[in-house]
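# Working through the structure, step by step
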Amino acid sequence: MDTPKTAEFAHIGKSVVVKGNLTGSEDLYVDGQVEGSIDLQGNSLTVGPNGQIRANVSAKTVIVQGKLEGNINASLRAELRKSAIAVGDITTQRVAIEEGAYFKGKVDVQRDGTKPSA
């Protein structure tokens, strides 16, 4: 199990179901279910192998090992591990998709400090 490397992180276990808007100012590890939205500006989200997310996600770094349905807005990095199932669009500066990961959506890679022209 890859848990965040810092000591300051919150953990949602396998049996926990969260419905609604989830915000925080620390790293979050989700191995349960979340429906709604997740906003962790400046922090990282890790979806564990048992995690099931149906939400739009906004965080500094997003690592997916489980299932995520929704758009990912990662200000620094988005990573889909080989066990990941992700459906939705990814907006980030850096993206990594391991062989074996399932991804359906589009990727928008943005350069540091630049905004896309509308």
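A quick note: this is a predicted structure, and the numbers were derived from the prediction, not measured. (Residues numbered from 1 in each chain as written. Predicted model: local features only at pLDDT ≥ 70, side-chain atom pairs only at ≥ 80, totals over all residues. Heavy atoms only, no water.)

## What to know about the overall build of the protein
Assigned secondary structure in the protein consists of zero helices and 11 strands. Secondary structure of the protein in N-to-C order comes out as β-β-β-β-β-β-β-β-β-β-β. Split into buried and exposed, the 118 residues of the protein put 37% on the buried side. Nonlocal contacts in the protein, meaning residues at least 24 apart in sequence, comprise 4% of its contacts between residues at least 6 apart. (Helix = DSSP H or I, 4+ residues; strand = E, 2+ residues; numbered from the N terminus. Buried < 20%, exposed > 50% of the residue type's maximum accessible area, 1.4 Å probe, protein only. Contact = heavy atoms within 4.5 Å.)

## Topic: the environment of Ser-75
One can find Ser-75 in strand β7 (residues 72-80). Considered as a pair, Ser-75 and Ala-59 are 16 residues apart in the sequence and their alpha carbons are 6.4 Å apart. Among residues more than four places away in sequence, those in contact with Ser-75 are Ala-59, Lys-60 and Gln-93.

## A few points about the nonpolar core
When a protein is soluble and globular, its nonpolar side chains tend to lie buried together. Counting residues in each nonpolar core, the largest one holds 23 residues, and the members touching the most others are Ile-38, Leu-45, Ile-53, Val-62, Val-64 and Ile-72. Secondary structure elements with two or more residues in this core: β3 (27-30), β4 (33-47), β5 (52-64) and β7. The element best represented in this core is β5, accounting for six residues. Not counting residues within four places of it along the chain, the set of residues in contact with Leu-45 comprises Leu-28, Val-30, Ile-38, Leu-40, Val-57, Ala-59, Thr-61, Val-62 and Ile-63. (Core = buried A, V, L, I, M, F, W, Y, C linked by side-chain atoms within 4.5 Å.)

## Brief notes about the pairing of strand β9 (residues 90-97)
As paired elements, β7 and β9 share seven bridges and run parallel to each other. Bridge pairing in β9 links Ile-72 to Ile-90. Judged from the three bridges that link them, β9 and strand β11 (residues 107-109) form a sheet pairing that is parallel. Bridging from a neighbouring strand, Ile-90 pairs with Val-107 of β11. (Pairing = 2+ DSSP bridges.)

## Observations concerning the side chain of Thr-92
One can find Thr-92 in strand β9. Look at Thr-92 and you get buried, because its relative accessible area is 2%. At 2.9 Å, the side chain of Thr-92 forms a polar contact with the backbone oxygen of Ala-74. Beyond its immediate sequence surroundings of up to four residues, Thr-92 is in contact with Ala-74, Leu-76, Arg-77, Ala-78, Asp-108, Val-109 and Gln-110. (Polar contact = N/O pair within 3.5 Å; in protein donor to acceptor, adjacent residues only side chain to side chain.)

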